[in-house]
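# A closer look at the structure
Each chain, letter by letter, is given below.
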Amino acid sequence: MSTHRRVWYPYASPFDPCPPIKAKTYSTPPNLFLGFQPPNLEQFTPMQALRTGTLWKVFYDPWYSPYEAPREDDHS
Amino acid sequence: MWLYEKKLQYPVKVSTCNPMLAKFLVEQYGGADGELAAALRYLNQRYTIPDKVIGLLTDIGTEEFAHLEMIATMIYKLTKDATPEQMKQAGLDAHYANHDSALFYHNAAGVPWTASYIAAKGDPIADLYEDIAAEEKARATYQWIINMSDDPDLNDGLRYLREREIIHSQRFREAVEILKDEQGKKRVF
């Protein structure tokens, strides 16, 4: 799992009507941590950049459904 | 003025006939945090923002229209060949009754788009913080749609759009830093 995913454990009552989801996750994408972008960061190749949606490797943080398997050609 | 390039920013491919996905995708078309709201929000705010960040709002606002076009293409492909019966099964019966398979600016629950979704406070920090929040909300919306979609090709396009939200948020955050640094600072080059 991406390092930009955080997990927390909500309280589950023994009397909850549905089976509890014990761990919940949320996304904390890289833009939260960098401040102003520093110079000379590592780049994708132009073709990779067009596919991923960013030139900068540090900002690449793709989201996959937990019900979907990642594909081989993803650069995560 | 704008120059139009007659192609999508990222290729849109839909591989499964699942009109219900169109019902979810329309949230990004005419929803409060959708691409239309984003484009109009930024392109309107840019008149009263310090000139160092006008260009950023112009660029991102313009790109939002490119995203709107991608979402529209996805919705169109998912619904153009749907029979009335399929529209009913997809939960799009109310949409069909009003619009046939035409696209319309409303959210996933059918609420029409309204200008009160967007704000222009005239305060540069307030406006940029609104823009950052809008990008993060759009990013989250893409996550929830990807979670509900089982179409790998569609998800590929949605992942691209979500990545762009991350980049836009980053650039708005940098714009805030530029405006913070500007006052009372002597810069020697």
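Residues numbered from 1 in each chain as written. Chains lettered and ligands numbered in written order. Predicted model: local features only at pLDDT ≥ 70, side-chain atom pairs only at ≥ 80, totals over all residues. Heavy atoms only, no water.

The cut-off we apply is this: UniProt positions are given in the numbering used here, feature names are shortened, and annotations may be inferred rather than shown by experiment.
By the naming in an unreviewed UniProt entry, chain B goes by Polypeptide composition of the spore coat protein CotJC and is assigned to Mesobacillus selenatarsenatis. If you open the UniProt record of chain B and go to Sequence similarities (unreviewed entry), you find "Belongs to the manganese catalase family."

### Details of the overall build of chain A
Just so we agree on the cut-off: We count a stretch as a helix when DSSP gives it H or I for four or more residues in a row; a strand needs E for two or more, and each element gets its number in order from the N terminus. In this scheme, a residue with accessible area under 20% of its type's maximum is buried, one over 50% is exposed, and one in between is partly exposed, where area comes from a 1.4 Å probe on protein chains only. Note that accessible areas follow from Shrake-Rupley with a 1.4 Å probe, and for residues the cover is restricted to the protein chains shown.
Along its length, chain A carries one helix and two strands. Buried positions account for 30% of the 76 residues belonging to chain A. Just so you have it, chain A exposes about 5600 Å², and 62% of that area is on carbon and sulfur atoms.

### Considering the UniProt feature "binding site: Ca(2+)" (unreviewed entry) in chain B
Within the UniProt annotation, "binding site: Ca(2+)" (unreviewed entry) is assigned to B:Asp59. With respect to the element layout, B:Asp59 can be found in helix α3 (residues 54-79).

### Some remarks on the interface of chain A and chain B
The extent of an interface is frequently quoted as the accessible surface area lost upon association of the parts. Applied cut-off: Working rule for contacts: check all heavy atoms of both residues, and any pair within 4.5 Å makes them a contact. By convention, the term buried area covers the 1.4 Å-probe accessible surface removed from two parts as they join, with the contributions of both added. The working definition used for a salt bridge is a side-chain nitrogen of Lys or Arg within 4 Å of a carboxyl oxygen of Asp or Glu. In protein, a polar contact requires one atom able to donate a hydrogen and another able to accept it; more generally it is a pair of N or O atoms within 3.5 Å, and residues adjacent in sequence count only if both atoms are side-chain atoms. All amino acids are sorted into three groups, where Ala, Val, Leu, Ile, Met, Phe, Trp, Tyr, Cys and Pro are nonpolar, Asp, Glu, Lys and Arg are charged, and the leftover types, Gly among them, are polar.
Every contact between the two is made by 26 residues of chain A and, on the other side, 25 residues of chain B. Summed over both partners, the interface of chain A with chain B buries about 2100 Å², with 48% contributed by carbon and sulfur atoms. Note that A:Asp61 and B:Arg162 form a salt bridge whose closest N and O atoms lie 3.9 Å from each other. Our count for the contact surface shared by chain A and chain B stands at 12 residue pairs in polar contact (both at pLDDT 80 or more). The element contributing the most residues to the side of chain A that touches chain B is helix α1 (residues 46-52) of chain A, with three residues. Here the residues of the side of chain A that touches chain B sort into 14 nonpolar, eight polar and four charged.

### Observations concerning the packing of aromatic side chains
Under the convention used in this document: Two rings from Phe, Tyr or Trp (for Trp, the six-membered ring) form a pair when their centres sit within 6.5 Å of each other. Planes less than 30 degrees apart are called stacked, planes more than 60 degrees apart edge-to-face, and all others tilted.
For the coordinates displayed, the defined rule picks out six aromatic pairs over all chains. With 5.6 Å between their ring centres and 85° between their planes, A:Phe44 and A:Tyr60 make a pair best called edge-to-face. Taken together, the residues span a long stretch of sequence, with A:Phe44 in the loop between β2 (24-27) and α1 and A:Tyr60 in the segment after α1 at a distance of 16 residues. Exposure remark for A:Phe44: the relative accessible area of 6% places this residue in the buried category. Between the aromatic rings of A:Trp63 and B:Trp144, the centroid separation amounts to 6.1 Å while the plane-to-plane angle is 80°, which identifies the pairing as edge-to-face. Here A:Trp63, found in the segment after α1, pairs with B:Trp144, found in helix α6 (residues 124-148), and the two come from separate chains. The exposure class of A:Trp63 is buried, given its relative accessible area of 3%. Exposure remark for B:Trp144: the relative accessible area of 47% places this residue in the partly exposed category.

### As for the UniProt feature "binding site: Mn(2+)" (unreviewed entry) in chain B
All names here are of chain B. Taken from the UniProt record, the annotation "binding site: Mn(2+)" (unreviewed entry) applies to Glu35, Glu64, His67, Glu135 and His168. Taking the farthest pair of C-alpha atoms as the criterion, the annotated set spanning 134 residues converges on one region, since that pair is 12.8 Å apart. Take Glu64: it is sitting in helix α3. Apart from residues lying up to four places away in sequence, Glu64 is in contact with Glu35, Ala38, Ala39, Tyr42, Glu135 and His168. Structurally, Glu135 is set in helix α6. Since its relative accessible area comes to 1%, Glu135 is described here as buried. Setting aside residues up to four positions removed in sequence, Glu135 forms contacts with Tyr42, Ile60, Glu64, Glu165, His168, Ser169 and Phe172.

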